[in-house]
Amino acid sequence: MIDLRSDTITKPTEAMRKAAYEAEVGDDVYGEDPSVKKLEETAAALLGKDDALFVTSGTQGNQIAVLTHCRPSNEILLEENSHIFYYESGAVAALAGVQTRTIAGNRGAINPLDLEAYIRADDQHFPETGLICLENTHNRAGGAVIPVENMAAIYEIAKRHQIPVHVDGARLFNAAAATNRPLTDFTEQCDTVQVCLSKGLGAPVGSILAGPKDFIANARKWRKRLGGGLRQVGIIAAPAYIALTEMRNRLTEDHNHAKIFAEGMGNITGLKVVNEVETNIVVVDVSGLNTTSDEFVDQLRQVGVQAVTFGRTLVRFTTHFDVSKDDILKALSGINLVVSSFK
Ligand SMILES: *Cc1c(COP(=O)(O)O)cnc(C)c1O
C-alpha cells in the first residue's frame with residue numbers, strides 16, 4: 001500500500017524508538033520528567049515564546065488554548081474551513097462554551113478588513129470577541145501557507161482591540177520550510193501557537209502549545225482538568241524531541257514529492273488538481289470522471305493507493321516521511337490504471 005491519506009500515519013524512526021527506550025523519566029505532574037522539560041524548553045525557544053506545554057494531540061492543544069483564552073459566552077473568530085471549526089467534533093462549544101463566528105477566507109487567509117468588521121462592539125446585546133484563531137498551513141485550503149504579512153496585519157488589528165490571537169500551527173513547520181523562513185517569523189504574529197509533532201515530523205504522539213508564562217501556567221491546569229496530566233511521559237517526549245530537532249529540514253522533500261505528484265495528476269485526463277501545491281497536500285477533483293470521491297478512493301485501494309475524501313468529488317493526497325519518490329511514481333501509474341477503467 002502507498003498510503004497518502006495523511007502525514008499522521010508516519011511510523012517512528014529507529015532513532016525515535018531508541019530514544020523512547022532510553023528516555024530518562026519521572027512523574028511529569030510533579031514536574032519531574034527531564035525528557036518532557038527538555039522538549040518543552042527546546043520548543044519554547046524554537047517558537048520564540050516564554051513557555052511551552054507538551055499535550056497529547058493537536059486537538060487537545062487547540063482546545064486548551066480556547067479554554068485558557070476565553071470564558072463561556074465569548075465568541076471566537078475563525079476561518080470557515082478551519083480545523084477548530086470543521087474537525088474538532090464541536091469541542092469549543094461542548095468544552096469552552098464559546099460560540100464560533102466563521103469568516104470566508106481566500107486560500108485559508110482571512111482578509112484583515114473583513115476580520116475587523118467581525119469584531120464585536122461593546123454592547124449588551126453582543127457576545128464579547130474572546131479570541132481570533134488562524135491556521136497555518138491551512139489544511140482544507142490544501143496546505144496553503146498563510147503569509148506572514150497577512151498574519152501581521154491581523155495581529156495588529158487584534159492588539160488594537162485587545163483580543164488574543166491563537167495559531168493552529170499543526171503544520172507550521174511546513175509553512176516555515178516552504179517559505180524558507182524561521183518559525184519565529186510566523187509565531188511573532190500571535191500570542192499562542194499549537195504545533196503538531198506527530199504529523200510531518202513523524203513523532204508517534206504529541207503536540208506543543210506555546211505562549212506567555214502565565215498563559216501556559218493556566219493551560220497546564222486545563223490540561224489536568226481534561227485528563228491530560230500524564231506521568232512518565234518522557235517515554236513519548238523523547239521521540240517527540242527527535243521529531244522537533246531532527247526532522248524539520250527534510251519536510252522540503254515531502255513538498256517536492258507533492259509537486260511531482262500534482263504534476264502527474266494534472267496530466268491525467270479527467271482529474272484536476274484544485275489547489276496551488278505549496279507544501280505536502282494535493283487536492284484533486286474527480287468530477288471529470290463522473291464519479292464521487294468515495295467511489296474513486298475505493299478504486300484506488302484496489303491498486304494499492306490510499307487517499308481520503310475531502311468533499312463530494314474532492315480527494316486529498318498527503319506526502320510524508322514514509323513515502324519515497326519511487327512510491328509517488330508508482331502511485332501515479334496505479335491511478336492512471338484506475339482512471340482508464342472509468343472511461
Ligand atoms: C491534524 C490537525 C489538528 C489536530 O491534530 P490531532 O493531533 O489530530 O488532534 C489541528 N489542526 C490542523 C490544521 C490539523 O491538520
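A brief structural summary. None of the values given here were measured: they were computed from a predicted structure.

## A short note on the overall build of the chain
Of the regular secondary structure elements, the chain holds 14 helices and 13 strands. Here the C-alpha atoms of the chain give a radius of gyration of 20 Å, agreeing with the 20 Å that 2.2 N^0.38 yields for 343 residues. Overall, the chain is about 60 × 55 × 35 Å in size when its C-alpha atoms are taken along their principal axes. Per-residue burial over the chain gives 55% buried out of 343 residues. A sequence separation of at least 24 residues applies to 73% of the contacts in the chain between residues at least 6 apart.

## Remarks on the site of the ligand
Residues in contact with the ligand, as listed here, are Ser57, Gly58, Thr59, Asn62, His83, Glu88, Glu135, Asp168, Ala170, Arg171, Cys196 and Lys199. Between the ligand and Asp168, the relevant distance is 2.6 Å, taken from a nitrogen atom to a side-chain nitrogen or oxygen of the residue. Within the complex, 84% of the 380 Å² of free accessible area of the ligand lies under protein. The element that contributes the greatest number of residues to the shell around the ligand is helix H3 (residues 58-69), accounting for three residues. Grouping the amino acids of the shell around the ligand by side-chain chemistry returns two nonpolar, five polar and five charged.

## Describing unusual backbone geometry
Excluding glycine, most residues fall at negative phi; most peptide bonds, likewise, are trans. Cis rather than trans, the peptide bond between Asn136 and Thr137 has omega equal to -5 degrees. Mapped onto the elements, Thr137 comes out in the loop between strand E5 (129-135) and helix H7 (148-160). The phi dihedral of Ser73 is positive, around 90 degrees, even though this residue is not glycine. Secondary-structure assignment places Ser73 in the loop between H3 and strand E3 (75-79). Despite not being glycine, Arg107 has its phi angle at roughly 50 degrees, a positive value.

## Here's the deal with the nonpolar core
A general feature of soluble globular proteins is that nonpolar side chains tend to end up buried together. The biggest cluster of nonpolar side chains holds 52 residues, and the ones touching the most others in it are Phe54, Ile132, Leu197 and Ile208. In terms of nonpolar packing, the next biggest core, distinct from the first, is built from 27 residues, Ile2, Met265, Ala307 and Ala331 among them.

## As for the side chain of Thr68
With respect to the helices and strands, the residue Thr68 is situated in helix H3. Within the structure, the side chain of Thr68 is placed 2.6 Å from the backbone oxygen of Ile64, a separation counted as a polar contact. Ignoring any residue separated from it by four or fewer positions in sequence, one finds Thr68 in contact with Phe215, Asn218, Ala219 and Trp222.

## Description of the layout of surface pockets
For the largest pocket, the calculated volume is near 260 Å³. What lines the largest pocket is a set of 16 residues, among which Arg107, Arg140, Ala141, Gly142 and Asn275 lie closest to the centre. Tallied by class, residues from the lining of the largest pocket come to five nonpolar, six polar and five charged.

## Points about the packing of aromatic side chains
Tallied over the full model, the rule gives three aromatic pairs. Their ring planes at 50 degrees and their centres at 4.8 Å tell us that Phe261 and Phe317 sit as a pair that is tilted. Here the residue Phe261 occupies a position in helix H12 (residues 251-266), and Phe317 occupies one in strand E13 (residues 314-318), the gap between them amounting to 56 residues. Phe317 carries the same exposure label as Phe261, and that label is buried. Measuring from ring centre to ring centre gives 6.1 Å for Phe296 and Phe342, while their planes differ by 35 degrees; the resulting arrangement is tilted. Taken together, the residues Phe296 in helix H13 (residues 293-302) and Phe342 in helix H14 (residues 325-342) connect sequence positions 46 residues apart. Residue Phe296 is classed as buried on the basis of its relative accessible area of 0%. The ring centre of Tyr86 lies 4.1 Å from the NZ or CZ of Arg140, which sits over that ring.

## Thoughts on the packing of helix H2 (residues 34-47) against helix H11 (residues 234-246)
At a minimum axis separation of 8 Å, H2 and H11 run at an interaxial angle of 30 degrees. It follows that H2 is roughly parallel to H11 by the angle criterion. Note on packing geometry: the crossing formed by H2 with H11 is left-handed. Along the contact surface, H2 presents Ser35, Val36, Lys38, Leu39, Thr42, Ala43 and Leu46, while H11 presents Gly234, Ala237, Ala238, Ala240, Tyr241, Leu244 and Thr245. Across the contact of H2 with H11, the residue classes tally to nine nonpolar, four polar and one charged.

The rules behind the values
- Residues numbered from 1 in each chain as written.
- Predicted model: local features only at pLDDT ≥ 70, side-chain atom pairs only at ≥ 80, totals over all residues.
- Heavy atoms only, no water.
- Helix = DSSP H or I, 4+ residues; strand = E, 2+ residues; numbered from the N terminus.
- Rg over C-alpha atoms; globule rule 2.2 N^0.38 Å.
- Buried < 20%, exposed > 50% of the residue type's maximum accessible area, 1.4 Å probe, protein only.
- Contact = heavy atoms within 4.5 Å.
- Near = heavy atom within 4 Å.
- Polar contact = N/O pair within 3.5 Å; in protein donor to acceptor, adjacent residues only side chain to side chain.
- Areas by Shrake-Rupley, 256 points an atom, 1.4 Å probe, with all protein chains shown as cover.
- Nonpolar A, V, L, I, M, F, W, Y, C, P; charged D, E, K, R; others polar.
- Core = buried A, V, L, I, M, F, W, Y, C linked by side-chain atoms within 4.5 Å.
- 1 Å grid on protein atoms, 1.4 Å probe; cavity = no way out; pocket = protein on both sides within 12 Å on 5 of 7 lines; lining within 4 Å.
- Points joined across faces, edges and corners; volume = space filled by probe spheres on them.
- Phe/Tyr/Trp six-rings, centres within 6.5 Å; stacked < 30°, edge-to-face > 60°.
- Lys NZ or Arg CZ within 6 Å of the ring centre and 35° of its normal.
- Axes fitted to C-alpha atoms, helices over the stretch in contact; angles between N-to-C directions.
- Parallel < 35°, antiparallel > 145°, perpendicular 65-115°, else oblique.
- Left-handed = near helix turned anticlockwise from the far one by under 90°.

Nothing here speaks to function; it is all geometry.
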